[in-house]
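Given next are the chains, with one letter for each unit.
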Amino acid sequence: MADSPPGPDPQALDFARDVLENMSEAFFLLDRQFRLLDVNEAALALDGRPKADLVGRTLWEVTPGLEQTELGARFHQAMRERKSRRHVHRQVWPDGHGAWLESRIVPVKAGLAVFYRDVSEELLSQERLKETSGRLDAILSNTTMAVFLMEHRQQCVYANAAAEKLTGYTFEQMQGRALHDVIHHKKPDGSH
């Protein structure tokens, strides 16, 4: 009688379970019918429902309407094509709380492993930076004061419209040149 292949190493399974339970990223495992097989503590903390209310139910049952969304399509696509997918989306849970999530959907033997994290603060920071940058661009574009920025070798990396008017050079002509060469010599037309 032939020996059967060895089963999973219990220590390795304990280690994997420990990693999944203690990582800060939320995780759940779906079978090929989109039924939740497991959910880690980080996922439960985001969701707000007990594990017993989630495990054994389909993803579509625990998140009504999800199947008809772009994210739902990504789940179906990952399952069908067996290729990982990434998606950023707004999630609102049944109790009304919500967050922006970045999800990674990874095909595995059982079905899909899904890792996700709250990126609300990151997106808010990016939006604030974009707004600040827009205001700064407006100020620099509309001031009559010439503004130059130089890097550590004193080469021009920025010049506003007033600087272009003052020197007679476009920013592209000044870029990468030492500022001293631009403002202490003649303009392109030969005038000082």
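Here the structure is shown first, and the text comes after it.
Residues numbered from 1 in each chain as written. Predicted model: local features only at pLDDT ≥ 70, side-chain atom pairs only at ≥ 80, totals over all residues. Heavy atoms only, no water.

**Q** Would you take a moment to explain the nonpolar core for this structure?
**A** Soluble globular proteins: nonpolar side chains tend toward being buried together. Counting 26 residues, the largest nonpolar core has Phe28, Leu30, Leu59, Phe75, Leu112, Val114 and Tyr116 as its most contacted members. Within the residue set of this core, elements represented by two or more residues are β1 (26-31), β2 (36-39), α2 (41-47), α3 (59-62), α4 (70-81), β4 (98-107) and β5 (111-118). Each residue touching Leu59, except ones within four places of it in the same chain, is listed here: Phe28, Leu30, Phe34, Leu36, Leu66 and Phe75. In terms of nonpolar packing, the next biggest core, distinct from the first, is built from nine residues, Cys156, Ala159, Ala163 and Tyr169 among them. (Core = buried A, V, L, I, M, F, W, Y, C linked by side-chain atoms within 4.5 Å. Buried < 20%, exposed > 50% of the residue type's maximum accessible area, 1.4 Å probe, protein only. Helix = DSSP H or I, 4+ residues; strand = E, 2+ residues; numbered from the N terminus. Contact = heavy atoms within 4.5 Å.)

**Q** Is there a simple way to explain the pattern of salt bridges in this structure?
**A** Close approach of charged atoms allows side chains with opposite charge to pair. Inspection of every chain in the model, using the stated rule, returns ten salt bridges. Across the pair Glu25 and Arg104 runs a salt bridge, and its minimum N-O distance is 2.8 Å. In this pair, Glu25 sits in the loop between α1 (10-22) and β1 while Arg104 sits in strand β4, placing the two residues 79 residues apart along the sequence. Residue class for Arg104 comes out partly exposed when judged on its relative accessible area of 33%. Note that Glu102 and Arg117 form a salt bridge whose closest N and O atoms lie 3.0 Å from each other. Of this pair, Glu102 sits in strand β4 while Arg117 sits in strand β5, and the two are 15 residues apart along the sequence. For Arg117, a relative accessible area of 30% corresponds to the partly exposed category. What you see here is one network of salt bridges that share partners, running through Arg86, Glu102, Arg117 and Glu122. (Salt bridge = Lys/Arg side-chain N within 4 Å of Asp/Glu carboxyl O.)

**Q** Please clarify how the sheet that holds β4 should be interpreted in this entry.
**A** Sheets are built from strands paired through backbone hydrogen bonds, the pairs being either parallel or antiparallel. Spatial strand order, β2-β1-β5-β4-β3: five strands in an open sheet with antiparallel pairing. The sheet is open, and its two borders are formed by β2 and β3 (85-92), each paired with just one other strand. Strand-to-strand twist in this sheet, taken as the mean axis angle between neighbours without regard to direction, amounts to 25 degrees. Where β1 lies against β2, three bridges are found, and the strand directions are antiparallel. Bridge pairing in β2 places Leu30 opposite Leu36. Contacting β1, β3, β4 and β5, α4 crosses the sheet at an angle of about 150 degrees to β3. (Pairing = 2+ DSSP bridges. Axes fitted to C-alpha atoms, helices over the stretch in contact; angles between N-to-C directions.)

**Q** Would you mind showing me how to read the pairing of β4 here?
**A** Within a regular strand, side chains alternate between the sheet's two faces. With eight bridges joining them, β3 and β4 adopt antiparallel strand pairing. Pairing of Val92 across the sheet is with Gly98, part of β4. Following β3, the chain reverses through five residues before pairing antiparallel with β4; Gly96 in that reversal takes a positive phi of roughly 100 degrees. Hairpin connection from β4 to β5: three residues lie between these consecutive antiparallel strands.

**Q** I tried to follow α4 on my own but got confused; where do I start?
**A** Every α-helix winds through 3.6 residues per turn, so residues three or four apart in the chain are directed the same way. In this model α4 runs 16 Å from its N-terminal to its C-terminal C-alpha over twelve residues, within 8% of the 16 Å that 1.5 Å per residue would give. Where α4 is concerned, the buried positions are Leu71, Gly72, Phe75, Ala78 and Met79. Buried residues in α4, looked at end-on, bunch into an arc of 125 degrees, giving them a common side. In α4, the exposed residues that point more than 90 degrees away from the buried face are Glu70 and Arg80. Buried residues in α4 make contact with β1, α3, β3, β4 and β5. (Expected span 1.5 Å × (residues − 1). Arc of directions from axis to C-beta.)

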